[in-house]
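Given next are the chains, with one letter for each unit.
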Amino acid sequence: MSFSVVVVLHDSEPELELLLRSVVTHLPERPQLIVVDTGSRDGGVALATVHGAEVITLPDNPGFGAACNAGLELVRHDVTVLLNPDCELLDPALALLADVARAFPRALHAPRLLNPDGTIQRSAHPRPGTAGTLLPAFLPTALLPWTMRVRVEPYFALGSRTVGWAIAACLAAATATLRQLGPFDPAVHLYAEDMELCLRARAAGFPTLLHPMLRVRHAGGHATLRDGEEYDAIARRRREAIAHTLGDRAMAVDDVAQGLTFAGRTVAHALGRGDAKRPFKQLRALQRAVRATPPPDSGTP
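Nothing here was measured: the structure is a model prediction, and the numbers come from that model.

Draft legend 1. Spotlight on the overall build of the protein. The secondary structure content of the protein amounts to 11 helices and 11 strands. Projected onto its principal axes, the C-alpha positions of the protein cover 50 × 45 × 40 Å. Burial statistics for the protein: of 301 residues in total, 48% are counted as buried. As displayed, the protein has an accessible area near 14,200 Å², and 58% of this comes from carbon and sulfur atoms. Side-chain charges in the protein split into 31 positive and 31 negative, and the spacing between the mean points of these groups amounts to 8 Å.

Next comes the structure, spelled out in structure tokens:
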């Protein structure tokens, strides 16, 4: 039984070429391939067309979520995989992930993502705003008992398990489930769409499941990091997503957890003569986002 794949492009021709080559090499049956282009200036659309993809062109770049929603409208199969162009298949895992999504339609399903060097990517996370997320800010996770460590760093899990949320670089679900969920809020142009989707899905009775035995390589940030990391936008959108789905209290707890984590990393890198610039910029961006948000009882519209 086949499935559908939705890929969103934004100047992604080199990454798409690797992905399509791996699809041909590793998938025994060709899925329906839907490519949504968001105003690319390279040859990604032509490449997708040559490979038989159904192409949607959105020249004004409405954002990742809106592009995924547009692609979902063309899906013909009962299972859909949302797949970033900077992913690469290593084996038939994507077909197996689709089979799992078909067998368990009341959930979102994510594989283990690997960095280009083969290490495990931080692609699955606990539910934000819980007391347990504060623990890694005070204690190195390597010192935690294994059962506790995989709760705060679920991407290290050895077997399938429920996670708070997973990044949407590769996310499979029953097509009906995704359509019921939206899946994405089209008003959100970029950042935290996947967190918001997973948290909304959980509230509706659709947990997110990580399947670490199924692996996909993911380069990460191929489009969003070209012009540098947008620390302020990322901090603001994370807070908005948590407040919208879990409430202000969860957002406040997450603010503390994130702040302590960034501060700890800044100090650790500085003492170890590492690069402390990134965690320091993340900390400052979080502080600016908190200051820019009026308190819940301020009466500000």
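Still to come is the rest of the account.
Draft legend 2. Region of the structure containing the pairing of strand 10 (residues 170–174). Across the five residues of strand 10, five count as buried, placing the element largely inside the fold. Here strand 4 (residues 79–83) pairs with strand 10 via five bridges, running antiparallel. The partner of Leu83 across the bridge, within strand 10, is Cys170.

Draft legend 3. Molecular detail of empty space enclosed by the protein. All chains considered together, the criterion is met by one cavity of 30 Å³ or more. Empty space within the largest cavity amounts to approximately 60 Å³. Together, Val5, Val7, Leu19, Leu20, Val23, Arg30, Pro31, Leu33, Leu83 and Leu94 line the largest cavity. Elements with a contribution of two residues or more to the lining of the largest cavity: strand 1 (4–9) and helix 1 (13–26). Broken down by element, the lining of the largest cavity gets its largest block of residues, three residues, from helix 1.

Draft legend 4. Quick look at the environment of Ala67. Turning to its location among the elements, Ala67 is positioned in helix 3 (residues 64–72). As for Ala67 and His211, which are separated by 144 residues in sequence, their C-alpha atoms are 26 Å apart. Those residues in contact with Ala67 that sit more than four places away from it in its chain are Val8, Val36, Thr38 and Leu58.

Draft legend 5. Structural context of the environment of Gly132. In this fold, Gly132 is placed in the loop between strand 7 (124–125) and helix 5 (135–138). Overall, the relative accessible area of 37% leaves Gly132 in the partly exposed class.

Draft legend 6. Representation of the side chain of Thr208 within the structure. Relative to the elements of secondary structure, Thr208 occurs in strand 11 (residues 208–218). Discounting residues that sit within four places of it in the chain, Thr208 has contacts with Leu108, Arg161, Thr162, Val163, Gly164, Ala166 and Cys198.

Draft legend 7. Broad picture of the pairing of strand 3 (residues 54–57). Here four bridges tie strand 2 (residues 32–37) to strand 3, and the two strands are oriented parallel to one another. Note on strand 3: the bridge partner recorded for Ile34 is Glu54.

Draft legend 8. Inspection of a nonpolar patch on the surface at higher detail. A surface patch of nonpolar side chains, amounting to about 480 Å² of accessible area, comprises Phe138, Leu139, Leu143, Val256 and Leu260. For Leu139, the location among the structural elements is in the loop between helix 5 and helix 6 (146–152).

Draft legend 9. Main features of the pattern of salt bridges. Tallied over the full model, the rule gives 15 salt bridges. Note that Glu153 and Arg122 form a salt bridge whose closest N and O atoms lie 4.0 Å from each other. Highlighted residues: Glu153 in the loop between helix 6 and strand 8 (161–163) and Arg122 in the loop between strand 6 (108–114) and strand 7, separated in sequence by 31 residues. Owing to a relative accessible area of 8%, Glu153 belongs among the buried residues under this scheme. On the basis of relative accessibility, which here comes to 52%, the residue Arg122 falls in the exposed class. Between Arg237 and Glu196 there is a salt bridge; the shortest N-O distance is 3.5 Å. In this pair, Arg237 sits in helix 9 (residues 231–246) while Glu196 sits in helix 8 (residues 193–203), placing the two residues 41 residues apart along the sequence.

Draft legend 10. Broad picture of the layout of surface pockets. There is about 280 Å³ of room inside the second largest pocket. Along the wall of the second largest pocket there are 15 residues; nearest its centre are Pro126, Arg127, Thr130, Arg151 and Arg161. For the lining of the second largest pocket, the elements supplying multiple residues, two or more each, are helix 6 and strand 8. Residue composition of the lining of the second largest pocket, by class: five nonpolar, six polar and four charged.

Draft legend 11. Representation of the nonpolar core. Grouped together as the largest cluster of nonpolar side chains are 65 residues, with contacts concentrated most on Phe3, Val7, Leu83, Leu94 and Leu108. The greatest single-element share of this core, amounting to six residues, is contributed by helix 4 (residues 93–103).

Draft legend 12. Inspection of helix 10 (residues 248–271) at higher detail. Between its terminal C-alpha atoms helix 10 stretches 34 Å, which fits the 34 Å expected from 24 residues at 1.5 Å a residue. Looking only at helix 10, the buried set comprises Ala250, Met251, Val253, Asp254, Asp255, Ala257, Gln258, Gly259, Phe262 and Thr266. In the core, the buried residues of helix 10 are packed alongside helix 5, helix 9 and helix 11 (277–292). At the C-terminal side of helix 10, Arg273 shows a positive phi close to 60°.

Calculation rules
- Throughout this document, residue positions are counted from 1 along each chain, in the order its sequence is written.
- Per-residue local features of the predicted model are confined to residues with pLDDT of at least 70, and side-chain atom pairs are confined, for both listing and counting, to 80 or more; whole-chain, interface and lining totals are unaffected and use all residues.
- Only hydrogens and water are set aside when side-chain values are computed; all heavy atoms of the structure are taken into account.
- In this description a helix means any DSSP run of H or I spanning at least four residues, a strand means any run of E spanning at least two, and both kinds are numbered starting from the N terminus.
- Each residue gets one of three labels from its accessible area relative to the maximum for its type: buried under 20%, exposed over 50%, partly exposed in between, using a 1.4 Å probe on protein chains only.
- Surface accessibility in these figures is a Shrake-Rupley result with a 1.4 Å probe; residues are shielded only by whichever protein chains are displayed.
- Note that His is not counted, nor are the chain ends; the positive residues are Lys and Arg, and the negative ones are Asp and Glu.
- Just so you know, the charge point we use is NZ for Lys, CZ for Arg, CG for Asp and CD for Glu.
- Whether two strands pair comes down to DSSP finding at least two bridges between them.
- For each structure, a 1 Å grid was placed over the protein atoms alone; sets of points admitting a 1.4 Å probe that cannot get out are labelled cavities, open sets with protein on both sides within 12 Å along at least five of seven lines are labelled pockets, and lining residues have an atom within 4 Å of a point.
- Grid points are joined across faces, edges and corners, and a volume is the space filled by probe spheres set on the points.
- In what follows, residue pairs with any heavy atoms lying within 4.5 Å of each other are defined as contacts.
- Only residues above 30% relative accessible area that lack a salt bridge enter a patch, with like-charged residues linked at up to 9 Å and the nonpolar side chains Val, Leu, Ile, Met, Phe, Trp and Tyr linked at up to 5 Å.
- The term salt bridge refers to a side-chain nitrogen of Lys or Arg lying within 4 Å of a carboxyl oxygen of Asp or Glu.
- Each residue receives one of three labels: charged for Asp, Glu, Lys and Arg, nonpolar for Ala, Val, Leu, Ile, Met, Phe, Trp, Tyr, Cys and Pro, and polar for the others, Gly being one of them.
- Nonpolar cores are built from buried Ala, Val, Leu, Ile, Met, Phe, Trp, Tyr and Cys residues. Side-chain atoms within 4.5 Å join them into one set.
- Expected helix span is computed as 1.5 Å times (number of residues minus one).

These figures capture arrangement, not role.
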